[in-house]
Amino acid sequence: MPSEPTAGGASLERLAGEPHRRYNPLIDEWVLVSAGRGRRPWLGAEEPEPDGAGLAFDPDCYLCPGNVRANGNVNPDYAETFVFTNDFAALRPDTSIAEFDDGLLRAQGEQGLCRVVCFSPRHDLTLGRMPAEAVRRVVDLWAEQTDELGAGHRWVQVFENRGEAMGASNPHPHGQIWAGTALPGEGAREDASQRAHLAATGDRLLLDYVDHESAGPRVVAETDDWLAVVPFWAAWPFETLLIPKRPAARLSELDERARDDLAGVLHDLLGRYDGLFKRPFPYSMGWHQAPFGDGATDAWQVHAHFYPPLLFAKVRKFMVGYELLAETQRDLTAEDAAARLRAVSVAASPAPAQQPDPV
Ligand code: H2U
Ligand code: ZN
């Protein structure tokens, strides 16, 4: 890896040894990095967890094909992917509140839709262990759903909660899509930063960031089309940012090659996560794509954030105390986290296609 260029006299080596703050240009916030504390968040190798039973079909799972959901609906006998409207949706299309304004007390109505996306009929697979062609179908589905929901909503949030630690309700490989008429806070901050960067430089912020990070010390996985890095300003211990290297404001703008390549990069990245502590790695991940409705797509670059909560195998990072009251803090530097993820060995290609067991 080439050494980091120094800026303002402080080298990356100095940053590794003393507390400092790093700037997140995507959301215009700072994070405190308490580097150089004696307490290193690494306890050595952990024993692998015994493998679970790994049922291909679970009769009690509300996402498996043919099973009955909580509201009595029956899932079709799907063979690839399956999308349905969330039976307990947080956003609904039929709300009628327009505005509430009482001085400091303000509210506004919000219309939207929530969908659940089953990635595979197989209960025992994960996005990182699915065959490449099956992951590619999920990528196409995310892209189609985004554009379909974007026709009537301002923000479409595609995401996956994986593992009980992140609140996932079920191990069956699945994600969610929420679409709403408002631009939510995180989307608004990224929108403002990317527009400002385009106005100031004529370039997309995240493509400039790709140029800066490529082949550098924070890279976890890199191909011709994709870059996965622990961002310089990472908040969570092993947080990563996954960015396509060529301009694309949304998933639907990715070409065939980039979509195929994404399946391989996800296999690699998620394999590293699972290999890091030799157990299924919990995370929340999601795609940020250009908002719909006002044409700022030339400023935007689609990207995925992965936010895993673990610091060690059995210790999660709590965003409490200083983080809640002042600002986000971490001990492990982004460079250390990336080196640890790079050191994990991952099987070169995704698992071969397997037929679902008869149900
Ligand atoms: P999570 O695992 O990320 O919570 O996603 C599962 C979603 O599935 C959750 O939002 C919905 C829950 O509301 N769900 C249904 O729509 N139908 C069911 O029968 C159970 C769960
Ligand atoms: Zn299932």
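Within every chain, residues take consecutive numbers counted from 1 along the sequence as written. To label them, take the chains in the order written and letter them from A, then take the ligands in the order written and number them from 1. Restriction of local features to residues with pLDDT of at least 70 applies here, the model being predicted, together with a cutoff of 80 or more for giving and counting side-chain atom pairs; totals for whole chains, interfaces and linings are based on all residues. Working from all heavy atoms in the structure, the side-chain values ignore hydrogens and water.

Draft legend 1. A look at the overall build of the protein chain. Helix and strand counts for the protein chain stand at seven helices and 16 strands. Working rule for contacts: check all heavy atoms of both residues, and any pair within 4.5 Å makes them a contact. Considering only residue pairs separated by 6 or more positions, the protein chain has 68% of its internal contacts joining residues 24 or more positions apart. Carbon and sulfur atoms make up 53% of the accessible area of the protein chain, which amounts to about 16,900 Å² in all. Only runs of H or I of at least four residues qualify as helices and only runs of E of at least two qualify as strands under DSSP, and these elements are numbered from the N terminus. Note on areas: Shrake-Rupley, 1.4 Å probe, and residue coverage restricted to the protein chains presented here.

Draft legend 2. Summary view of the coordination of the zinc ion (ligand 2). Keep in mind that water is not among the atoms, so a site may look incomplete; donors are the N, O and S atoms within 2.8 Å of the metal, or 3.2 Å for Na, K and Ca. Each protein donor to the zinc ion (ligand 2) is listed here as Cys61 (SG), Cys64 (SG), His123 (ND1) and His172 (ND1); together their distances run 2.0 to 2.3 Å. Metal sites are grouped by the angles between bound donors: all angles between 85 and 135 degrees with four donors is tetrahedral, opposite donors over 155 degrees apart with the others between 65 and 115 is square planar for four donors and octahedral for six, and any other pattern is irregular. Coordination geometry of the zinc ion (ligand 2): the four donor atoms subtend angles of 102 to 116 degrees at the metal centre, consistent with an arrangement described as tetrahedral. Sequence spacing among the residues donating to the zinc ion (ligand 2) works out to C-x2-C-x58-H-x48-H. With Cys64 in the loop between strand E2 (29-33) and strand E3 (82-85) and His172 in the loop between strand E7 (155-162) and strand E8 (174-180), this pair connects stretches of sequence that are 108 residues apart. An identical accessibility class is assigned to Cys64 and His172; each is buried. The cut-offs for exposure are 20% and 50% of the maximum accessible area for each residue type, with area from a 1.4 Å probe on protein chains only; residues under the lower value are buried, those over the upper are exposed, and the others partly exposed.

Draft legend 3. Region of the structure containing the site of ligand 1. With respect to spatial proximity, 14 residues lie near ligand 1, and among them Ala70, Asn86, Asp87, His174 and Gln176 are the closest. Contacts to ligand 1 include Ala70, whose backbone N or O atom sits 2.7 Å from an oxygen atom. Note that an oxygen atom of ligand 1 is positioned 3.2 Å from one of the side-chain N or O atoms of Asn161. For ligand 1, the accessible surface in isolation is 470 Å², of which the surrounding protein chains cover 88%. When residues are sorted by character, Ala, Val, Leu, Ile, Met, Phe, Trp, Tyr, Cys and Pro go into the nonpolar class, Asp, Glu, Lys and Arg into the charged class, and all the rest, Gly among them, into the polar class. Its residues assigned to classes, the shell around ligand 1 shows six nonpolar, six polar and two charged. What makes a residue near a molecule or strand is one non-hydrogen atom of that residue sitting within 4 Å of it. Polar contact criterion, stated in full: a pair of N or O atoms within 3.5 Å, where within protein one must be able to donate a hydrogen and the other to accept it, and residues adjacent in sequence count only if both atoms are side-chain atoms.

Draft legend 4. Broad picture of the sheet that holds strand E12 (residues 283-288). When DSSP finds two or more bridges between a pair of strands, those strands are recorded as paired. Sheet architecture is open: nine strands sit in the order E3-E6-E8-E7-E12-E13-E11-E10-E9, paired in antiparallel fashion. Looking at the sheet topology across the chains shown, the edges are occupied by E3 and strand E9 (219-222). The mean angle between the axes of side-by-side strands here comes to 20 degrees, regardless of whether they run parallel or antiparallel. Bridge count for E3 against strand E6 (residues 112-118) is four bridges, and the pairing is antiparallel. Only C-alpha atoms enter the line fits that serve as axes; for helices the fit covers just the stretch in contact. Angles between N-to-C directions range over 0 to 180 degrees.

Draft legend 5. Up close: the pairing of E7. The buried fraction of E7 is high, at seven of eight residues. In this sheet, E8 lies alongside E7 in antiparallel orientation, the contact comprising five bridges. Following the sheet pairing, Trp155 is matched in E8 by Gly180. For E7 and E12, the ladder comprises five bridges, and the chain directions are antiparallel. Considered in E12, the bridge of Arg162 is made with Tyr283.

Draft legend 6. Representation of the sheet that holds strand E1 (residues 20-24) within the structure. Reading across the sheet, the three strands line up as E1-E2-E16 and stay open at both edges, with mixed pairing between neighbours. Edge positions in the sheet fall to E1 and strand E16 (329-330), since each has one partner strand and no second. With two bridges connecting them, E2 and E16 associate as parallel partners. Looking at E16, one finds that Leu32 is bridged to Gln329.

Draft legend 7. Main features of the pattern of salt bridges. Here, a salt bridge means any side-chain nitrogen of Lys or Arg that lies within 4 Å of a carboxyl oxygen of Asp or Glu. Taken as a whole, this structure holds 25 salt bridges when the rule is applied. In this structure, Asp274 engages Arg162 in a salt bridge whose closest nitrogen and oxygen atoms are separated by 2.9 Å. Of this pair, Asp274 sits in helix H5 (residues 256-276) while Arg162 is found in strand E7, placing the two residues 112 residues apart along the sequence. Each member of the pair, Asp274 as well as Arg162, is classed as buried.

Draft legend 8. Here's a closer look at H5. In this model H5 runs 31 Å from its N-terminal to its C-terminal C-alpha over 21 residues, within 8% of the 30 Å that 1.5 Å per residue would give. Downstream of H5 by a residue or two, Lys278 has a phi angle that is positive, lying close to 55 degrees. Expected helix span is computed as 1.5 Å times (number of residues minus one).

Draft legend 9. Representation of a nonpolar patch on the surface. Exposure above 30% relative accessible area and no salt bridge define the residues that can form patches, which grow by joining like charges within 9 Å and nonpolar side chains of Val, Leu, Ile, Met, Phe, Trp and Tyr within 5 Å. Taken together, Phe318, Val320, Leu324 and Leu325 make up a surface patch of nonpolar side chains, about 490 Å² in accessible area. By the element assignment, Val320 lies in the loop between strand E15 (315-316) and helix H6 (322-325). With relative accessibility at 44%, the residue Val320 sits in the partly exposed group.

Draft legend 10. A look at the packing of H5 against helix H7 (residues 334-343). The interhelical angle for the contact between H5 and H7, taken along N-to-C directions, is 95 degrees, at an axis separation of 8 Å. Classified by the angle their axes make, H5 and H7 are roughly perpendicular. On H7, the residues that touch Arg272, Tyr273 and Leu276 of H5 are Arg340, Leu341, Arg342 and Ala343. In these notes the angle categories are as follows: under 35 degrees is roughly parallel, over 145 is roughly antiparallel, 65 to 115 is roughly perpendicular, and the rest is oblique.

Draft legend 11. Here's a closer look at the nonpolar core. Put simply, a nonpolar core is a bunch of buried Ala, Val, Leu, Ile, Met, Phe, Trp, Tyr and Cys residues held in one set by side-chain atoms that sit within 4.5 Å of each other. Counting residues in each nonpolar core, the largest one holds 55 residues, and the members touching the most others are Trp142, Phe238, Leu242, Trp287 and Phe306. No other element matches H5, which puts nine residues into this core. Here this core spans two domains, and each of domain 1 (22-35 + 184-342) and domain 2 (82-97 + 106-180) adds at least three residues to it. Membership of the second largest hydrophobic core comes to twelve residues, among which are Leu26, Leu205, Leu206 and Val219. By convention here, the domain bounds are inherited from an automatic or database domain assignment.

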